[in-house]
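An overview of the molecular structure
The chain contents come next:
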Amino acid sequence: MLKGKSAVVTGSTSGIGLGVARALAAQGCNVVLNGFGDPAEIERIRSEMARADGGRIIHHGADMTQPDEIEEMMGVAVKAFGGVDILCNNAGIQHTSPVDGFPPEKWNAIIAINLSSSFHTIRHALPHMKKKGWGRIINTASAHGLVASVNKAAYVSAKHGLIGLTKVVALETAGSGITCNAFCPGWVRTPLVETQIEARAKQLGLSIEEAARNLLSEKQPSQQFVQIDQIGQLVVFLCSDAAAQITGASISIDGGWTAQ
Ligand code: NAD
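Residues numbered from 1 in each chain as written. Predicted model: local features only at pLDDT ≥ 70, side-chain atom pairs only at ≥ 80, totals over all residues. Heavy atoms only, no water.

Packing of helix 1 (residues 15-26) against helix 2 (residues 39-53) brings their axes to within 9 Å, and their N-to-C directions diverge by 25 degrees. Taken together, the axes of helix 1 and helix 2 are roughly parallel relative to one another. In terms of crossing hand, the pair formed by helix 1 and helix 2 is right-handed. Along the contact surface, helix 1 presents L18, A21, R22, A25 and A26, while helix 2 presents I45, E48, M49 and D53. For the contact of helix 1 with helix 2, the class distribution of residues is 6 nonpolar, no polar and 3 charged. (Axes fitted to C-alpha atoms, helices over the stretch in contact; angles between N-to-C directions. Helix = DSSP H or I, 4+ residues; strand = E, 2+ residues; numbered from the N terminus. Parallel < 35°, antiparallel > 145°, perpendicular 65-115°, else oblique. Left-handed = near helix turned anticlockwise from the far one by under 90°. Contact = heavy atoms within 4.5 Å. Nonpolar A, V, L, I, M, F, W, Y, C, P; charged D, E, K, R; others polar.)

In this section: the domain arrangement of the protein. Much of the literature gives interface size as the accessible area that the parts lose upon coming together. The domain architecture assigned to the protein consists of domain 1 (6-186 + 227-253) and domain 2 (188-225). Placing the centre of domain 1 and that of domain 2 at their C-alpha centroids yields a distance of 25 Å. On the side of domain 2, 8 residues touch domain 1, which itself brings 14 residues to the contact. Roughly 760 Å² is buried in total at the junction of domain 1 and domain 2, and carbon and sulfur atoms are behind 58% of that figure. Taken as a group, Q94, G186 and Q227 account for 40% of the area that domain 1 buries against domain 2, more than any other trio of residues on that side. Where domain 1 touches domain 2, the interface holds 4 residue pairs in polar contact (both at pLDDT 80 or more). Those elements that place two or more of their residues in the side of domain 1 that touches domain 2 are helix 1 and helix 8 (228-239). (Domains from an automatic or database assignment. Buried area = accessible area lost by both parts, 1.4 Å probe. Polar contact = N/O pair within 3.5 Å; in protein donor to acceptor, adjacent residues only side chain to side chain.)

This paragraph deals with the environment of I58. Its location among the elements puts I58 in strand 3 (residues 57-60). Not counting residues up to four positions away in its chain, the partners in contact with I58 are V31, V32, L33, R46, V76, A80 and F81.

A volume near 700 Å³ is recorded for the largest pocket. What lines the largest pocket is a set of 36 residues, and nearest its centre among them are N90, A91, G92, I93 and L192. Breaking the lining of the largest pocket down by element, the ones donating at least two residues are helix 1, helix 5 (153-173) and helix 6 (191-204). By residue class, the composition of the lining of the largest pocket is 16 nonpolar, 17 polar and 3 charged. Of the pockets and cavities examined, the second largest pocket occupies roughly 510 Å³. Looking at the second largest pocket, it is lined by 17 residues, and the ones nearest its centre are T96, N151, K152, Q196 and R200. (1 Å grid on protein atoms, 1.4 Å probe; cavity = no way out; pocket = protein on both sides within 12 Å on 5 of 7 lines; lining within 4 Å. Points joined across faces, edges and corners; volume = space filled by probe spheres on them.)

Below you can see the structure in the form of structure tokens.
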């Protein structure tokens, strides 16, 4: 059903975004990968995905803090694949600090990457989706888009904002064949979370695995990490016809975190 659709997945050289890109490529989508990393490693990922799934896969290194680079990436996607049918806004970073010591430059970077970049990709993608009368916009929010934790002022603000943007875009596109949704993961064991596990291990004098269990026990009732593949399959479902009436939703995939 998704064969031949074109997808842009921001922040897809690692973690959740890479899993989402792999899941869409496995459905036969053409995919624009985005994100930073070792060029040889990115090329290995790109060519492996193209070989395995037959779709065309390209990488664009647009920095999500730079609106002009975002515009260029979206233009490249349209030129290469004739439009952007599926847009997954996933790039994100974290920084933890009490709010009165939070470095302003970290605040600005988190708001730019975790929130404003989605505004820019969406405004460039929508005209193409409207022309085709079909589109799927899927934003990676977080449990932190629904509830707060200490020391994450910028991240929690950006993710709450992203859920607000999701709702507005859903209303503005309702009935047009385009849907816009956010999903809200709990802990997923990616490099972004590994850094927090390492900090916790150091702070509490624990081994890495003890610190990982400690992190889960604080917030995630299932006591299990969300698997990247589970998120990939959720995104594929949101792209399906079965999900055509799901729009403006914030879907938790968090082992019970926000049920508490
Ligand atoms: P990750 O660090 O593994 O991946 C982040 C990706 O974003 C990488 O591809 C990186 O290159 C890219 N990126 C970072 N800065 C960028 C920039 N300026 N321009 C372009 N790309 C940039 O992290 P992850 O855990 O996979 O996080 C992906 C998304 O999932 C983020 O939005 C994060 O907030 C969200 N999230 C993660 C978790 C979790 O537990 N890991 C939970 C909830 C939400």
